[in-house]
Amino acid sequence: MSRRHKSKTRVLDRIIVVEAIVLVLLIGVYKFTNKPTDQVTGNIESYVTPTPQTLAEVSPTPIPTIEPTIVPSVEEPLEEENFLSPTPENLTTDSDALTPESDTPVIVTEENETAPQDHTAGSEDAVDSSPEEEDTSRDTNIPAFANGMSKEFLASLSDTQEGTLLETPGRDSIIYYMQTDPRWASKYYGGTDTIEKYGCGPTSLSIVISTLTDTKIDPVQMCAWANEKGYWFLQQGSKHQLIPEGGEAFGLKVTGVANDVDAADQLRTALSDGKLVIALMGKGSFTRSGHFIVLRGITEDDMVYVADPNSRENTDKTWKLTQIVNEAKSWAGGNGPFWIMSK
């Protein structure tokens, strides 16, 4: 075979090979570009150019908008003028004071160490001022100071149960009541709150009023009045304002004393002058949380006589004035924690 013929044969072979390669490539491209999309792993939008039609096909069914339903609170807000959130300073709860008869802890006050507030403030109309009840001009048996109390209530005080005369050096005897007295310990101050556990405020007030005025009122009657006027606080005791406002309602002059650097001097002067003081005590010798007691006298060496409505033992001994001040609440509603009372 000649050289020319061999050369032509080689060229044809190369052309055939090239054409075969091109054919294979074309077949591969064709198969790739026509591969079914449902076999592709991933987002179909990566391989298919979106059109209005394809978007309609792949768009999920719209989810209807759900409007939120607002459910009103189950608890109705307490009326501000009657109840404010309890805080440690406005109510007094003594979970630690002991009765003379047992070592069982009892709650005897009105201050839950969660709340100082003028939160304990009583409502402005804590003393009923209706014109019909104020008109006492035709009844000379009703004291002049009773312009905030009903005639029916005052008449009920004729059945007051007697207290104990408590001798106090340097002053007249005081009329002493205890909230744990079996005659009324289990009776209710308000709701199912008993006088024994929650009645130290009204009991202290009954001691002072019965001693300093011509009106004799026992703890049961005082609790009834305090509850009616809105000073009782559920499972806490009494609002602090019971003390100053209650004293004034029964005709007493009341001066609030803050627990500051001048407190000891003011208490010493008041007690030396024969005045009584209701003190709101904090955690210490009298209570674990809060407790009202009466300061009834003082010696020349600053030892204080008290009337503790929950403990005869505390009542029968004297206490250092500095200890009383140090253990009293640092703050109280009604300009406390000390209230000086006099005629």
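Overview of the structure. Counting restarts for each chain, with residues numbered from 1 along the sequence as it is written. Local features are withheld for residues below a pLDDT of 70 in this predicted model, meaning they are given only at 70 or higher, and side-chain atom pairs are given and counted only at 80 or more; totals for whole chains, interfaces and linings count all residues. Note that the side-chain values use all heavy atoms of the structure and ignore hydrogens as well as water.

**A word on the overall build of the protein chain**
Turning to step 1, where the next piece is worked out: Assigned secondary structure in the protein chain consists of 11 helices and 14 strands.
Turning to step 2, where the next piece is worked out: When accessible area is computed with a 1.4 Å probe and restricted to protein chains, residues below 20% of their type maximum are described as buried, those above 50% as exposed, and intermediate ones as partly exposed. When the 343 residues of the protein chain are sorted by exposure, 43% land in the buried category.
Turning to step 3, where the next piece is worked out: In the protein chain, of all internal contacts separated by at least 6 residues, the share reaching a separation of at least 24 is 67%.
Turning to step 4, where the next piece is worked out: Accessible surface area values rest on a Shrake-Rupley calculation with a 1.4 Å probe, where residue burial reflects the displayed protein chains alone. Carbon together with sulfur atoms contributes 53% to the accessible area of the protein chain, which is approximately 19,500 Å² in total. Counting from the N terminus, the helices are DSSP H or I runs at least four residues long and the strands are E runs at least two residues long. Every residue pair with non-hydrogen atoms within 4.5 Å of one another is taken to be in contact.

**Some thoughts on helix 8 (residues 242-249)**
Turning to step 1, where the next piece is worked out: Of all the eight residues making up helix 8, six are buried; the element is thus mostly covered by neighbouring parts of the structure.
Turning to step 2, where the next piece is worked out: Those residues of helix 8 that sit buried are Leu242, Ile243, Pro244, Gly246, Gly247 and Ala249.
Turning to step 3, where the next piece is worked out: Gly251 sits one or two positions beyond helix 8 and adopts a positive phi of about 90 degrees.

**Points about a nonpolar patch on the surface**
Turning to step 1, where the next piece is worked out: Patches here are clusters of residues that have more than 30% relative accessible area and form no salt bridge, with a 9 Å joining cutoff for like charges and a 5 Å cutoff for nonpolar side chains (Val, Leu, Ile, Met, Phe, Trp, Tyr). Here, a salt bridge means any Lys or Arg side-chain nitrogen found within 4 Å of an Asp or Glu carboxyl oxygen. A grouping of Val11, Leu12 and Ile15 is seen on the molecular surface, where their side chains present a nonpolar patch of about 250 Å² in accessible area.
Turning to step 2, where the next piece is worked out: Tracing the backbone through its elements, the reader meets Leu12 in helix 1 (residues 3-33).

**Regarding the packing of aromatic side chains**
Turning to step 1, where the next piece is worked out: A pair of aromatic rings is counted whenever rings of Phe, Tyr or Trp (Trp by its six-membered ring) have centres within 6.5 Å, and the orientation is called stacked for planes under 30 degrees apart, edge-to-face for over 60 and tilted otherwise. In the structure shown here, the tally under the stated rule is five aromatic pairs.
Turning to step 2, where the next piece is worked out: For the ring pair Phe286 and Trp319, a centre distance of 4.5 Å and an interplane angle of 45 degrees mean the geometry is tilted. With Phe286 in the loop between strand 10 (276-281) and strand 11 (291-298) and Trp319 in strand 13 (residues 318-320), this pair connects stretches of sequence that are 33 residues apart.
Turning to step 3, where the next piece is worked out: Each residue in the set Trp225, Tyr231 and Phe250 is aromatic and connected to the rest through ring pairs, giving one cluster.

**What to know about the pattern of salt bridges**
Proximity of charged atoms lets side chains of opposite charge pair with each other.
Turning to step 1, where the next piece is worked out: This model, assessed by the stated rule, comprises five salt bridges.
Turning to step 2, where the next piece is worked out: For Lys229, the salt bridge goes to Glu228, with nearest N and O atoms at 3.9 Å.
Turning to step 3, where the next piece is worked out: Across the salt bridge formed by Arg268 and Asp265, the nearest N and O atoms sit 2.7 Å from each other. Taken together, the residues span about one helical turn, with Arg268 and Asp265 both in helix 9 (residues 263-272) at a distance of three residues.
Turning to step 4, where the next piece is worked out: Residue classification places Asp265 among the partly exposed positions, given a relative accessible area of 43%.

**Describing the side chain of Glu327**
Turning to step 1, where the next piece is worked out: Structurally, the position occupied by Glu327 is in helix 11 (residues 321-327).
Turning to step 2, where the next piece is worked out: Positive charges are assigned to Lys and Arg, negative charges to Asp and Glu, while His and the chain termini are left out of the count. No salt bridge forms around the buried Glu327; measuring N to O, its nearest opposite-charge neighbour Lys317 is 9.9 Å away.
Turning to step 3, where the next piece is worked out: Sequence-distant contacts of Glu327, that is, excluding residues within four places in its chain, are made with Met281, Gly282, Lys283, Gly284, Ser285 and Phe286.

**Details of the state of the cysteines**
Turning to step 1, where the next piece is worked out: Criterion for a disulfide: a pair of cysteine sulfur atoms at a distance within 2.5 Å. Counted according to the given criterion, the structure contains zero disulfides.
Turning to step 2, where the next piece is worked out: You can see Cys200 has no disulfide; the closest cysteine sulfur is in Cys223, sitting 9.6 Å from it.

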